[in-house]
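# Per-entry structural report
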Amino acid sequence: LTKAVDNNQPAMGQRVTYTITIANNELITATNALISDTLPLSLTFAGPVTLDPPQSNAILATTAQSMPVLASNVTITPHTSITLTLPVTVNAYVTDTVIINTAAVTCAEMDTMVTGQVTIGTIDTYLPIILKNH
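So, a few notes on the structure that sits alongside this text. (Residues numbered from 1 in each chain as written. Predicted model: local features only at pLDDT ≥ 70, side-chain atom pairs only at ≥ 80, totals over all residues. Heavy atoms only, no water.)

## A short note on unusual backbone geometry
Cis peptide bonds are those with omega within 30 degrees of zero, and the linkage from Gly47 to Pro48 qualifies with 0°. Within the element layout of this structure, Pro48 appears in the loop between strand 4 (43–45) and strand 5 (50–52). Not every positive phi belongs to a glycine, and Asn32 is a case in point at roughly 50°. Within the fold, Asn32 resides in strand 3 (residues 30–38). Owing to a relative accessible area of 52%, Asn32 belongs among the exposed residues under this scheme. Its identity as a non-glycine residue notwithstanding, His79 has a phi of 55°, on the positive side. (Helix = DSSP H or I, 4+ residues; strand = E, 2+ residues; numbered from the N terminus. Buried < 20%, exposed > 50% of the residue type's maximum accessible area, 1.4 Å probe, protein only.)

Put into structure tokens, the structure is as follows:
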């Protein structure tokens, strides 16, 4: 799982997008995956979430009431990746490493839920997700 922000130093009131990329480097297919993201109070979901490549069966968040679930019923086939784009509005003045949020991926093929954090500021964080067959 990697997350990247389109602006290193967002200003209060600014709409910012960041991406969550999930790569499946294994030989198994992750089915009915649920991707969630816990936003801090300093961010407001500005939806809708988009998924690339699109999946007709995926359910994507369109309003803040959908949170923390960004996408559900997602399939990630072996040796492919998917990218979610998450738009948010910044509600506070941002200094380096101020806004931190947590993303998670769960599916039947994983031993445990995998989470990782990213900082919206000047530092990008890379988060590995490992899918394992039971």
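## Quick word on the pairing of strand 8 (residues 80–90)
Pairing of strand 2 (residues 15–24) with strand 8 involves 10 bridges; the strand directions are antiparallel. Paired with Ala23 across the bridge in strand 8 is Ser81. Pairing analysis gives 3 bridges linking strand 4 to strand 8, with the strands arranged antiparallel. Opposite Thr44, over in strand 8, you have Thr89 as the bridge partner. Sheet analysis places strand 5 next to strand 8, joined by 3 bridges and oriented antiparallel. Looking at the pairing, Asp52 lines up with Thr83 of strand 8. (Pairing = 2+ DSSP bridges.)

In short, the description is geometric, and any link to function would need to be established separately.
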